[in-house]
Amino acid sequence: MTTAVTISDRAARRIGEILSGEGSGAMLRISVEGGGCSGFQYKFDIERARGDDDLVIERDNAVVLVDSASQPFLEGSEVDFVDDLIGASFRVNNPNATASCGCGTSFSV
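Here is a short report on the structure shown in this document. Every chain begins its residue count from 1, and numbering advances along the sequence as written. Where totals are concerned, whole chains, interfaces and linings use all residues; where local detail is concerned, this predicted model gives features only for residues with pLDDT of at least 70, and gives and counts side-chain atom pairs only at 80 or more. Processing note: side-chain calculations cover all non-hydrogen atoms of the structure and skip hydrogens and water entirely.

### A look at the overall build of the chain
For step 1, the next point in the chain: A tally of helices and strands in the chain yields 2 helices and 9 strands.
For step 2, the next point in the chain: Helical segments are the DSSP runs of H or I of at least four residues, strand segments are the runs of E of at least two, and each set is numbered from the N terminus. In the chain, the succession of helices and strands from N to C terminus is β-α-β-β-β-β-α-β-β-β-β.
For step 3, the next point in the chain: Partly exposed describes any residue whose relative accessible area lies between the buried limit of under 20% and the exposed limit of over 50%, with all areas from a 1.4 Å probe on protein chains only and scaled to the type maximum. Taken over 109 residues, the chain has a buried fraction of 37%.
For step 4, the next point in the chain: Sequence-distant contacts, at least 24 apart, represent 49% of the contacts inside the chain between residues at least 6 apart.
For step 5, the next point in the chain: Reported accessibility uses the Shrake-Rupley method at a 1.4 Å probe radius. Residues are deemed covered only where the shown protein chains occlude them. Only carbon and sulfur atoms are counted for the fraction: they give 48% of the accessible area of the chain, which is about 6,000 Å². In what follows, residue pairs with any heavy atoms lying within 4.5 Å of each other are defined as contacts.

So this is what it looks like as structure tokens:
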């Protein structure tokens, strides 16, 4: 059983803006890979094809894919978009992370 991954209003707006510049059928894939300074890191890619086992999240003009291997790491997470003094970026508010790096792109469980 997978707890939903949610997309904030700000993230949905920004994802929609990015995808509109990528042409028809573009989707944002969020995945988790080994590496980073805390053990795992988030990866964001533009995709044109869905996998049979992908979690598909649609909100407004944003379509987000999460592969089945990444889903357990992202259960209950919210993807947000922040624009602050250190720059603009997507931020994953992940309740499964027991530690994360200062920049928020890597985490451990």
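### Regarding the pairing of strand β7 (residues 87–93)
For step 1, the next point in the chain: The rule for pairing is simple: two strands pair if DSSP sees at least two bridges between them. Bridge analysis of strand β6 (residues 78–84) against β7 gives 7 bridges, and the strand direction is antiparallel. By the bridge assignment, Val82 is partnered in β7 with Ser89.
For step 2, the next point in the chain: Hairpin remark: β6 followed by β7, antiparallel, with 2 residues in the connecting loop.

### Some points on the sheet that holds β6
For step 1, the next point in the chain: The strand order across the open sheet built from 3 strands is β1-β6-β7, with neighbouring strands paired in mixed fashion. Where the open sheet ends on each side, the last strands, each with one partner, are β1 (6–7) and β7.
For step 2, the next point in the chain: Lying on the sheet, helix α1 (residues 9–20) is in contact with β1, β6 and β7; it crosses β6 at an angle near 80°. Note on geometry: axes are lines fitted to C-alpha atoms, helical ones only across the stretch in contact, with angles between N-to-C directions running from 0 to 180 degrees.

### Topic: the nonpolar core
For step 1, the next point in the chain: In terms of nonpolar packing, the biggest core is built from 20 residues, with Ile7, Ala11, Ile15, Leu74 and Val79 touching the most fellow members.
For step 2, the next point in the chain: Here this core gets 4 residues from one element, more than from any other, and that element is α1.
For step 3, the next point in the chain: Non-local contacts of Leu74, meaning those with residues more than four positions away in its chain, are made with Val5, Ile30, Val32, Tyr42, Val66, Val92, Asn94 and Asn96. Put simply, buried Ala, Val, Leu, Ile, Met, Phe, Trp, Tyr and Cys residues joined by side-chain atoms within 4.5 Å make one nonpolar core.

### Some thoughts on the environment of Ser89
For step 1, the next point in the chain: Relative to the elements of secondary structure, Ser89 occurs in strand β7.
For step 2, the next point in the chain: Among residues more than four places away in sequence, those in contact with Ser89 are Asp80, Phe81 and Val82.

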